[in-house]
Amino acid sequence: MKVIIVGSTHAGTAAAREILTRHPETTVTIYERNDNVSFVSSGIYLYLTGVIQHLEDMFYASPADLTAMGAAVKTQHNVLRIDTAHKSVQVANMQTGAVFVDTYDKLIMATGSSVIVPPIMGIDHEKVLLCKNYQQAEQLYQSLRPNQQVAIVGAGYMGTELAESYASMGHRVKLFHSHSQILNNYLGPEMAGAAAQLLRDHQVDVHLDERVTGFTSGPDDQLVVETAQGDYPVDLAIVCAGFMPNTELLRGQVAMDRHGAILINKYVQTSNPDIYAAGDACVVNYNPTGQPAYTPLATNALRQGALAGINVFGDLQPYMGTQATSAMQLFDHTMATTGLTYPAAKKRELPVRHVVYQGDWRPAYMPSTAKVTIDLVYDYQSRQILGAQFWSQHDIAQAANTVSVMIQNQNTIDDLAYVDMFFQPNFNQPFNYLNLVGQLAVKQEYQRGNQTPHITAPGNWPMPPEQG
């Protein structure tokens, strides 16, 4: 069988490895526009601050690695057209200019996403940079100068991490976000407020509800960031306005959502049975709602890519879906999230409530401890867990993975309240903080008169301490 993979960052690389490990006799051809594969863009901020010394370390595979496995790796080759009726692709060699046609039995679409370039006047200014791929990361690094004034447009993951990076290097940072809170796709307003305050404590000038409308040249070779609230002279601006799927090649040939992301079934197969899609080019099956969603994360891309490599040989391994679990280290704090936030669930008009637990992660008699804040979101009719967000100076990131599995398995707040977790004073309280937030939710429902049949009485178990 002949398989063509278009694109080779996370999803394309994972697909090729899976195919060639399981079926080394397969003819696999990879077309990639860049001169590299498998770049981990989430490590850009670590490179800028010197935590990672060499940007090349952010590649976890090379064209030579995939070639050694048996793939024909065609870097700097741009796919110009896909003809699904004839199962062919038109390709341009970007070095020679030669254009040729190749054919496939199965096609894996792993073209990823591009940074959204918002319609801002002057966004093509030489001092305005984007941030996603290897070349853009190198541009950012080369632009570093002592005591710079840096504007960052967009306070999602990338923008917030870059704000931390530049601030930690002594730069004066202005962070602009058109929403009323930072990280609005990942946190509720309370935790987002704590994260924004942490940025301010480190001298980041956070501008919320302030949309950037233009970039112009200013005096002394500066760049002026224009908003409705004022003009701000800076030395450099970085736009982090989100991502959009690269799916123009299949537009009108396979089913897509309103964002242009490719729709897939539980075997990551598109509406065309000979075409599979993985990564930022397609939707995920989002378990908290049971609906497709566009969630461009490397974890999703890796899993979908591997599954595409398995399922091109038949419906062998179903896609379990995702909770879009992720985490961030922000200065000395950890933020983690899985599933729906409370505002996102309310916006979808789901029957939801939430509880916020705050308490020490381990006993106060230990030499040190720290507060943990957990916002747990659940369906009050079914009692199923729909999401959770975490904030602490203690590294509580793995707790998001635990709750992710519980959402995956449709566990309830009653399950979370008493699921078996060990106790040892070095590591946690007699009841783990996940047990305690579950018990807080159960208590809330009991007080509202929503007691499930298998619960006997609220006085028969230890309740978590009151919030605060």
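Now for a look at the structure at hand.

Cut-offs used in this document
Residues numbered from 1 in each chain as written. Predicted model: local features only at pLDDT ≥ 70, side-chain atom pairs only at ≥ 80, totals over all residues. Heavy atoms only, no water. Helix = DSSP H or I, 4+ residues; strand = E, 2+ residues; numbered from the N terminus. Rg over C-alpha atoms; globule rule 2.2 N^0.38 Å. Buried < 20%, exposed > 50% of the residue type's maximum accessible area, 1.4 Å probe, protein only. Contact = heavy atoms within 4.5 Å. Phe/Tyr/Trp six-rings, centres within 6.5 Å; stacked < 30°, edge-to-face > 60°. Lys NZ or Arg CZ within 6 Å of the ring centre and 35° of its normal. Pairing = 2+ DSSP bridges. 1 Å grid on protein atoms, 1.4 Å probe; cavity = no way out; pocket = protein on both sides within 12 Å on 5 of 7 lines; lining within 4 Å. Points joined across faces, edges and corners; volume = space filled by probe spheres on them. Nonpolar A, V, L, I, M, F, W, Y, C, P; charged D, E, K, R; others polar. Core = buried A, V, L, I, M, F, W, Y, C linked by side-chain atoms within 4.5 Å. Salt bridge = Lys/Arg side-chain N within 4 Å of Asp/Glu carboxyl O.

Scanning the chain for helices and strands turns up 11 helices and 25 strands. The C-alpha atoms of the chain give 24 Å as radius of gyration, which agrees with the globular expectation for 468 residues (23 Å, within 12%). Reported as C-alpha extents along the three principal axes, the dimensions of the chain are approximately 75 × 60 × 40 Å. Taken across its 468 residues, the chain has 55% of its residues classed as buried. Counting contacts in the chain only where the partners sit at least 6 residues apart, residues at least 24 apart contribute 62% of the total.

Following the criterion strictly, the structure yields five aromatic pairs and no others. Centroid distance tyrosine 31 to phenylalanine 100: 6.2 Å. Interplanar angle 50°. Geometry classified as tilted. Taken as a pair, tyrosine 31 in strand β2 (residues 27–32) and phenylalanine 100 in strand β6 (residues 99–103) lie far apart in primary sequence, 69 residues in all. What makes tyrosine 31 buried here is its relative accessible area of 3%. Accessibility expressed as a relative area gives 29% for phenylalanine 100, which makes it partly exposed. Sitting over the ring of tyrosine 380, arginine 353 keeps its end group 4.0 Å from the ring centre.

This paragraph deals with the pairing of strand β13 (residues 212–217). Inspection of the sheet shows β13 paired to strand β14 (residues 223–227) by five bridges, in the antiparallel sense. Residue pairing in the sheet places serine 217 in a bridge with leucine 223 of β14. Taken together, β13 and the strand that follows it, β14, pair antiparallel across an intervening segment of five residues, in which aspartate 220 is found at a positive phi of about 60°.

Attention shifts here to the layout of surface pockets. Estimated volume of the second largest pocket: approximately 250 Å³. Lining the second largest pocket are 13 residues, and of these Asn287, Pro288, Gln384, Leu386 and Gln410 sit closest to its centre. A class-by-class count of the residues in the lining of the second largest pocket yields six nonpolar, six polar and one charged.

Counting residues in hydrophobic clusters, the biggest one holds 55 residues, and the most contacted among them are Ile5, Ile82, Val89 and Ile108. The element that contributes the greatest number of residues to this core is helix α1 (residues 10–22), accounting for five residues. Residue contacts for isoleucine 82: discarding those within four places in its chain leaves Ser88, Val89, Tyr104, Leu107, Met109, Leu249, Leu250 and Gln253. Among the nonpolar cores identified, the runner-up in size contains 40 residues, and Tyr134, Val150, Tyr157 and Leu198 belong to it.

Turning our eyes to something else, we now look at the pattern of salt bridges. The full count for this structure, using the stated rule, is nine salt bridges. Here arginine 353 and glutamate 445 are joined by a salt bridge, their closest N and O atoms 2.9 Å apart. Placement of arginine 353 in strand β23 (residues 352–360) and of glutamate 445 in helix α11 (residues 433–447) is noted, with a sequence separation of 92 residues between them. For the residue pair arginine 353 and glutamate 445, the accessibility class agrees, reading buried in each case.

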